[in-house]
Amino acid sequence: MGNVFGRNSQPSRVTDQDKAILQLKQQRDKLKQYQKKITFQVDKERLLAKQLLKDGKKEKALVLLKKKRHQDQLLEKTDTQISNLEHMVQDIEFLQIEMNVIEGLRVGNECLKSMQQLMSIEEVEKILDETQEAVEYQRQIDELLAGSLTQEDEDAVLAEFEAISQEDDVALPEIPNEPIPHVPKSAELERERKEAKSKPNREMLAA
């Protein structure tokens, strides 16, 4: 049948630290139960000693009070032991947290190193340069599409402006101040007719 009824064994996730914490907590719980038991007995014997005093039985009352005193000391020791166990549990749990943090840092450092090996400083600088060139190229395209002048064009315009400013003044023709005589529309039409009639005659003479 082989391993038909068996189960695949998997590694346990319970560590030695977990086992130690569990044992410490079990011991703490046992001490707390013992503490409750002693506390109940102390309260009971105190009431009994008080009753014996009322009955006039002082010696028995003293014996019970001495026993109660011994049990009070046991309670104090129990408190100290419980406190020590709780501190031990807290220390182990905090140490587990620190170990997990350190392990996380170790894995993170290894991941960073492997990623850094995939790309060198030279490759990063090359990518940055190419990115800057692409951004500059796109800016020039945007300026051309928007119809704005580049810095080079602005410098050329300023240079031309300076050159014109340094040239000698050029005398421009004066604009006549006399008004242009108004020609009636009928006279214009008559002149166009005469020109149209005389045009064939001129062409025949020229031929």
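Rules used in this analysis
- Residues numbered from 1 in each chain as written.
- Predicted model: local features only at pLDDT ≥ 70, side-chain atom pairs only at ≥ 80, totals over all residues.
- Heavy atoms only, no water.
- Helix = DSSP H or I, 4+ residues; strand = E, 2+ residues; numbered from the N terminus.
- Buried < 20%, exposed > 50% of the residue type's maximum accessible area, 1.4 Å probe, protein only.
- Contact = heavy atoms within 4.5 Å.
- Patch = residues over 30% accessible without salt bridge, like charges linked within 9 Å, V, L, I, M, F, W, Y side chains within 5 Å.
- Areas by Shrake-Rupley, 256 points an atom, 1.4 Å probe, with all protein chains shown as cover.
- Salt bridge = Lys/Arg side-chain N within 4 Å of Asp/Glu carboxyl O.
- UniProt positions renumbered as here; feature names shortened; annotations may be inferred.

A. Expanded view of the overall build of the protein chain. In terms of helices and strands, the protein chain carries 5 helices and 0 strands. Starting at the N terminus and walking to the C terminus, you meet the elements of the protein chain as α-α-α-α-α. Out of the 207 residues belonging to the protein chain, those deemed buried represent 11%. A fraction of 73% describes how many contacts in the protein chain between residues 6 or more apart in sequence connect residues 24 or more apart.

B. Molecular detail of a nonpolar patch on the surface. Nonpolar side chains collect at one region of the surface, where L118, M119, V124, I127 and L128 lie side by side and expose about 490 Å² of accessible area between them. The residue M119 is located in the loop between helix 2 (58-117) and helix 3 (121-146) in this model. Given the relative accessible area of 42%, M119 is considered partly exposed.

C. Region of interest: the UniProt feature "coiled-coil region" (unreviewed entry) in the protein chain. The residues that UniProt annotates with the feature "coiled-coil region" (unreviewed entry) are residues 17-44. When the span residues 17-44 is considered, its composition is 100% helix and 0% strand, and the gap between its end C-alpha atoms is 41 Å.

D. Examining the pattern of salt bridges more closely. Per the stated rule, a full pass over the model turns up 8 salt bridges. Linking D72 and K68 is a salt bridge whose minimum nitrogen-to-oxygen distance equals 3.0 Å. Within this pair, D72 and its partner K68 are both found in helix 2, separated by 4 residues, close to a single helical turn. Since its relative accessible area comes to 16%, K68 is described here as buried. The salt bridge partner of E103 is R106, with a shortest N-O separation of 2.3 Å. On the criterion of helical spacing, the pair formed by E103 and R106 is a turn pair, its members being 3 residues apart in helix 2. Judged by relative accessible area, which is 36%, E103 ranks as partly exposed.

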